[in-house]
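# Structural characterization, general
Chain residues, written in single-letter form:
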Amino acid sequence: MAHDKADPYIFITDTMPSDARFFPPLANGHLGWKVYDETMHVGGVYNGEAGKCHRADVPCPLSVTMDVDEPSQHTYSLNTHTGVFTHSLSTANFTASQSLYAHRYFSNLMVMEVLLVRQGALEEPITLKLHSSFTPHSKDIAFQIAPDYKGGRHIEGQTTHAEVPGGFRPSVHLIWTPITPSLTLLPAQSQSRWGFLLAVASTSEGAEAHYDEALNLMATGNLRPSHENAWDELWIGSQVELSGLEALSKALIGCMFYLLSAFPSLHEVSGAFGGVSPGGLSNGGKGQDYWGHVFWDQDTWMFPNIALFYPKLAQSVLEYRVRTIDGAMDNAQKQGYKGLKFPWESAVSGREVCPEDIYGEQEIHINGDVTLAFQHYLYLTQDLSMFTEGRGSEVIWGVANYWVSRVTWSSEDQKYHILGVMPPDEYYYNVNNSVYTNTVAKFSLEFAVELAALLNYPAPKEWQQVAEQIKIPFDPEFKYHPEYDGYIKGHPVKQADTVMLGYPLGLPMTSEVRRNDLESYEPITDPHGPAMTWGMFAVGWLELGEAERAQQLLEKCFKNIHGPFQVWSESSDGSGAVNFLTGMGGFLQVVLFGYTGFRVQKQCLAFAPHLPHVISQLCLRGVSYLGNKMDWLFRGQEVCIILREPGSGAKPCPLQVVLASGTIIPLIPGQPVTFPQEAGHICKLESS
């Protein structure tokens with residue numbers, strides 16, 4: 001069947017993928033589910049102690065398919081405008097549609113709606129069969145049947161094992177509309193609609209309150225509109241659209257949709273966000289998709305994309321890390337060091353939950369990755385409250401103290417060394433002076449000094465000393481950065497590592513060295529490595545003005561995207577984590593920070609656009625900087641910026657454009673500013 005391809009936001013097909021792993025995930029930052037799956041997940045609900053900790057499987061009452069006894073045509077669509085998945089079937093006598101969604105505003109709710117519409121003159125009853133695979137059991141939660149509530153079924157249970165011995169074991173309550181075996185359209189009816197609700201909470205009272213909310217919304221006709229309005233609000237502030245390559249356009253929309261789905265509502269104030277795992281909330285049960293743990297993927301690969309549009313949503317990542325401070329302190333003490341050691345794999349407590357000790361012990365670059373996200377946020381917003389009342393300063397200073405206790409002074413080269421680590425390239429371990437690790441350590445120490453000055457905090461002199469004297473490996477003969485001490489040039493690497501010195505770390509280097517790093521590592525990087533890798537090479541070549549070479553690398557990522565719902569796999573052969581948000585994050589950064597040249601710096605938002613020939617224009621709507629929202633259009637040899645009118649009561653900082661040629665253009669809300677494509681930056685408007 002031919003489908004209308006005019007709207008790239010609607011992913012549509014006649015048949016579902018043969019591999020159910022690539023069914024579309026539906027999530028809202030609190031609940032996550034893959035359509036038709038028997039299990040779902042709840043943010044922050046894990047089962048198992050330490051290395052056995054994993055997302056607890058929760059049975060999903062909406063695991064329902066529909067069918068009829070007569071010949072029918074089927075279509076399946078994911079509307080990313082609205083976050084609604086719909087299965088439609090049509091016969092000679094009627095059409096039926098089943099719609100599923102994780103409510104975007106009321107994050108404790110999931111919904112299934114069924115619509116039956118009579119076609120033609122047949123006046124007999126029409127019956128639609130519903131097949132449920134739900135059973136009220138879980139291997140992770142000891143569920144018990146609770147009293148029905150307002151016609152809804154109710155089960156309650158508690159996870160069987162705490163993350164920490166003797167620690168908290170979360171409870172889960174489900175209240176849902178019972179699923180009947182069939183639905184019937186009576187002879188006198190031309191159409192009818194049924195709604196099935198699911199409310200999930202940690203207490204009986206909470207589940208009842210959310211179920212009441214859903215009943216009221218349904219009664220007033222506001223259940224689905226309130227969900228769709230929340231998605232409208234998100235898209236208005238975060239659109240990434242381009243002209244030239246349909247496959248790329250669709251991939252970008254899918255990336256933004258799934259990444260936004262992993263974050264809480266703009267109106268969420270509970271502070272219960274459980275972080276973002278590589279496969280999102282729809283995945284992460286025992287033995288799959290990294291067990292739902294949170295890695296550097298969240299802070300390095302996903303965070304920058306969300307922060308560029310929604311610093312408030314990005315702040316939830318920082319708040320998640322703040323809530324794990326006690327665990328990070330315990331990790332450092334167990335390793336014999338001071339300060340904070342954030343876990344390589346994190347759940348709720350912040351204590352290490354990686355099943356294999358070596359990663360938690362050696363892949364310590366996670367500390368610098370966490371602090372760089374905090375730095376990125378401060379430069380985008382100048383919001384110091386996140387570091388005072390929000391306790392972000394404790395993160396920054398705790399990490400700085402860790403680095404100072406972790407380094408070893410070498411009298412031979414008069415430098416500080418970091419010994420016995422695993423770099424981002426996990427093919428190697430127990431190496432000394434990983435160039436990536438040492439660089440993020442240097443930058444996080446420098447940021448600690450900078451933040452201490454802003455907050456009038458007495459910074460220990462060792463922070464600056466170590467930052468200035470830490471070793472950053474460099475080969476003067478080949479004029480490139482070896483991955484670590486003793487690295488043999490040409491040996492294979494797993495993924496982007498050294499090439500990340502230029503972006504996102506921003507280590508100063510000449511164009512020659514940047515090129516040498518890219519050319520040294522590109523041909524020896526595992527072609528089957530994780531999906532985010534090629535994005536970093538692409539950004540590097542865009543920095544050097546080689547947009548066509550960058551585009552070739554970006555298009556390697558298409559092997560990781562599985563149609564028709566644009567679901568990513570970690571590896572190009574379809575293996576590894578599914579709904580791989582990390583890969584999506586790296587892919588988005590090529591567009592948001594590569595094509596545009598955006599760099600979030602201490603005093604400005606820099607830009608240096610480079611579009612490949614296949615892209616005729618790129619439009620970014622809702623870019624945030626210092627409380628402002630901007631729309632950017634890159635087309636041909638021109639750039640156009642529109643500063644949006646501020647919201648009610650908002651007083652954002654006045655801005656100006658400063659071009660490399662010396663031209664200065666004030667930005668006035670609602671008035672487009674167009675200039676020839678060249679490098680420049682956005683900064684505070686200088687007062688006359």
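Quick note: structure is the one above.
Residue positions are counted from 1 within each chain, in the order its sequence is given. Residue-level local features of this predicted model are given only where pLDDT is at least 70; pairs of side-chain atoms are given and counted only at 80 or more, and the full residue set underlies all totals for whole chains, interfaces and linings. Excluding hydrogens and water, the side-chain values take into account all heavy atoms of the structure.

So, on to the pattern of salt bridges. Put simply, a salt bridge is a Lys or Arg side-chain nitrogen that is within 4 Å of an Asp or Glu carboxyl oxygen. According to the stated counting rule, one finds 23 salt bridges in the structure shown. A salt bridge links Glu 543 to Arg 514, with the nearest nitrogen and oxygen atoms 2.7 Å apart. Of this pair, Glu 543 sits in helix H13 (residues 533–543) while Arg 514 sits in helix H12 (residues 511–521), and the two are 29 residues apart along the sequence. Among the residues examined, Arg 514 registers a relative accessible area of 4% and is labelled buried. Ionic contacts of the salt-bridge type, sharing partners, join the residues Glu 113, Arg 224 and Glu 228 into one network. What counts as a helix is a DSSP run of H or I of at least four residues, what counts as a strand is a run of E of at least two, and both are numbered from the N terminus. Exposure classes here rest on a 1.4 Å probe applied to the protein chains alone. A residue is buried below 20% of its type maximum, exposed above 50%, and partly exposed in between.

Turning to the nonpolar core, a few remarks are in order. By size, the foremost hydrophobic cluster in this structure holds 201 residues, and its most contacted members are Phe 85, Tyr 595, Phe 598, Met 630, Trp 632 and Ile 682. Contact criterion: two residues are considered in contact whenever any of their non-hydrogen atoms come within 4.5 Å of each other. The contact partners of Ile 682, leaving out residues within four places of it in the chain, are Gln 603, Cys 604, Leu 605, Phe 607, Tyr 625, Met 630, Trp 632, Ile 641, Leu 655, Gln 656, Val 657 and Leu 667. The definition of a nonpolar core used throughout is a set of buried Ala, Val, Leu, Ile, Met, Phe, Trp, Tyr and Cys residues joined through side-chain atoms within 4.5 Å.

Let us now look at the packing of aromatic side chains. Only centres within 6.5 Å qualify two rings of Phe, Tyr or Trp (six-membered ring in Trp) as a pair; their planes then separate them into stacked at under 30 degrees, edge-to-face at over 60, and tilted for everything else. Applying the stated criterion to the full structure yields 38 aromatic pairs. Aromatic side chains Tyr 149 and Tyr 211 sit 6.4 Å apart centroid to centroid with 65 degrees between the ring planes, which places their arrangement in the edge-to-face category. Taken together, the residues span a long stretch of sequence, with Tyr 149 in strand S14 (residues 141–149) and Tyr 211 in helix H1 (residues 204–220) at a distance of 62 residues. A relative accessible area of 15% means that Tyr 149 is categorised as buried. Seen in terms of ring centroids, Phe 558 and Phe 587 are 6.1 Å apart; in terms of plane orientation they differ by 65 degrees. Their pairing is edge-to-face. On the criterion of sequence distance, the pair formed by Phe 558 in the loop between helix H14 (547–554) and strand S22 (561–562) and Phe 587 in helix H15 (residues 581–595) is long-range, its members being 29 residues apart. These aromatic residues form a ring-pair network of at least three members: Tyr 290, Phe 295, Trp 296, Trp 301, Trp 344 and Tyr 436. The ring of Phe 478 carries Lys 489 above its face, with NZ or CZ at 5.2 Å from the centroid. Its guanidinium or amino end placed over the ring of Tyr 480, Lys 489 lies 5.3 Å from that ring's centre, counting from NZ or CZ. Only lysine NZ and arginine CZ atoms are considered, and such an atom sits over a ring when it is within 6 Å of the ring centre and within 35 degrees of the ring normal.

This next bit is on H15. Over its 15 residues, H15 extends 20 Å from the first C-alpha to the last, a length consistent with the 21 Å expected when each residue adds 1.5 Å. Along H15, the largest kink reaches about 30 degrees and is centred on Gln 589. Most of H15 sits out of view: 15 of its 15 residues are buried. Of the residues one or two after H15, Gly 597 is the one with positive phi, at around 75 degrees. A helix is expected to reach a length of 1.5 Å times the quantity of its residues less one. Two axes are fitted around each residue, one to the seven residues ending there and one to the seven starting there, and the angle between them is reported as the bend at that residue.

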